[in-house]
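As a plain string of letters, each chain reads:
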Amino acid sequence: MNMKTLIYSENTELSLQLLGKALQLSGTAVSAISVQSDQARLLTSSGASKVYLNKDKSFDALKLCLLDVIAKESPDLIMVGSTKRGRELAPRVAAVLNAGYSGDCFDVQQAEVGFAVKRLAYGGSTVASTRVKGKPVVISVTSRSFEKPEAQGKQGEIVELNVSVTPKIKVLETRPKNTRDAGLENAKVIVSAGRGFKRREDLKLLEELATELDAKMGCSRPVSADLGWMDQWVGISGKKVAPHLYVACGISGTIQHAAGIRDSQIIVSINSDEVAGIHELSDYSIVGDIYMVLPALTKGLRERAK
Ligand SMILES: Cc1cc2nc3c(=O)[nH]c(=O)nc-3n(C[C@H](O)[C@H](O)[C@H](O)COP(=O)(O)OP(=O)(O)OC[C@H]3O[C@@H](n4cnc5c(N)ncnc54)[C@H](O)[C@@H]3O)c2cc1C
C-alpha cells in the first residue's frame, strides 16, 4: 500500500464512489478537493482524511486548486469523476504535470510500476487494459464503477483554500434546461426517440408515453445533434444511462447507441424492422410502427391507471 490518492468530482455520488475505491487502494491516505461545504463534510465523515474546500467554483480556480494540492500532498494517483467538467479538467491537469493519463476508466489497480486501468474501447464492444506509468498518474473514472465507502468512525479534516481567479468569461444570460431530457443519467425510466420519428411534432407521441410512465425523454444522436429536436442524446458520445426501464422507439441500435444503454435493467424496443440490431439488445421487442404502437401503449397505460 503506502500510496496517496487525491480525488475530485463536483457530483457528490460520484465523489463518494471515488472515495470508496481510493480507500481500498490507499487505506486512510485519501485527500479530496471540494467546492461545496456539504460535500466536504460528507467526504470527511466517509473516510477522507483531508478535504480541501475552495469557494471559487470556476473551472480555472479548480484547476489551480488541484495543482496546488498536488504540489502540497504529492499523491501517487489522482482520480477525477468523468463528468463533463471532470473530462476537461483531468487531462489538462495531467498535461501541466506531464503526468500519465487515462480517461473514462472503470477499474484501477496499483501495479508493480504505475497503475493498471481498464476502459471500454471501440464503442464499448471491448475492454482496453492499459498500464499508466509515472508519478503522479491522473485518471478520470466513470460513474457507478465503484461502491461508496462503508460508514466510517473517524472524522477527517477540512482545510479551507483561498484560490480565486478573475473570470475571463462573462455570463450574459442563463436559461433553464429542457426538463424532459435533463438528468438522464439518474433517470429511473427513459423513453427515447430515434430517426424513426419523421417530424419534430411527432415527439408528442413520446411525450405522452413519458407522462404515463413518469419518464425522462432521451434520443439517438442524429435526433439531437443533426436535427436539433432535443438537447442531449444517449450513447458513447452522449449520456450513458442506467435506468430500470429504457424504451427505444424508432432507434436502430448501432454500437454507439448501445454503448450508452448497456447498464439499463430492462430494454424495450419498438422498431418496424424485425432485423434491427436494437431487438437483439432488448428484453422485450415490439416489431411495429411507432405511430401505431406508441398511442396504443399510452392508451393502455392510461386505462390501467384509472
Ligand atoms: C463517432 C461517433 C459517435 C457517435 N455517437 C453516438 C451516440 O452517442 N449515440 C447515438 O445514438 N449515435 C451515435 N452515433 C451515430 C450512430 O452511428 C447512428 O448513426 C445513430 O445511432 C442512428 O440513430 P437512429 O437509430 O435514430 O437512426 P437510424 O439508424 O436511421 O435508425 C432508425 C430506425 O428507425 C426505424 N424506423 C423507421 N421508421 C419507423 C417507424 N415508423 N416505426 C418504428 N421504427 C421505425 C428503422 O427501422 C431504423 O431501425 C455516433 C456516430 C459516430 C461516428
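Scroll up a little and you will see the structure.
Chemist: An account of the nonpolar core is requested, with residue identities and associated values reported.
Modeler: Among the nonpolar cores identified, the biggest contains 26 residues, and Ile7, Leu19, Leu43, Leu77, Met79, Val108 and Ile139 are the most heavily contacted of them. At the level of secondary structure, the elements contributing two or more residues to this core comprise helix H1 (12-26), strand E2 (30-34), helix H2 (37-45), strand E3 (50-53), strand E4 (77-81), strand E5 (100-110), strand E6 (115-121) and strand E8 (137-141). With six residues, H1 is the largest single contributor of residues to this core. Sequence-distant contacts of Ile7, defined by excluding residues within four places in its chain, comprise Ser15, Leu18, Leu19, Ala22, Ser31, Ala32, Ile33, Leu43 and Met79. Core analysis: the second largest hydrophobic core is formed by 24 residues, Ala210, Val223, Ile290 and Val293 among them.

Chemist: Got a sec to walk through the pattern of salt bridges? Specific residues and values, please.
Modeler: Taken as a whole and assessed by the stated rule, the structure comprises 14 salt bridges. In this structure, Glu201 engages Arg199 in a salt bridge whose closest nitrogen and oxygen atoms are separated by 3.6 Å. A residue is classified by how much of its surface remains accessible, and Glu201, at 52% relative accessible area, is exposed. For Arg199, a relative accessible area of 47% puts it in the partly exposed group. The partner of Arg199 in a salt bridge is Asp202, and the shortest N-O contact between them spans 3.0 Å. By sharing partners, the salt bridges in this structure join Arg199, Glu201 and Asp202 into a single network.

Procedures and definitions
- Residues numbered from 1 in each chain as written.
- Predicted model: local features only at pLDDT ≥ 70, side-chain atom pairs only at ≥ 80, totals over all residues.
- Heavy atoms only, no water.
- Core = buried A, V, L, I, M, F, W, Y, C linked by side-chain atoms within 4.5 Å.
- Buried < 20%, exposed > 50% of the residue type's maximum accessible area, 1.4 Å probe, protein only.
- Helix = DSSP H or I, 4+ residues; strand = E, 2+ residues; numbered from the N terminus.
- Contact = heavy atoms within 4.5 Å.
- Salt bridge = Lys/Arg side-chain N within 4 Å of Asp/Glu carboxyl O.

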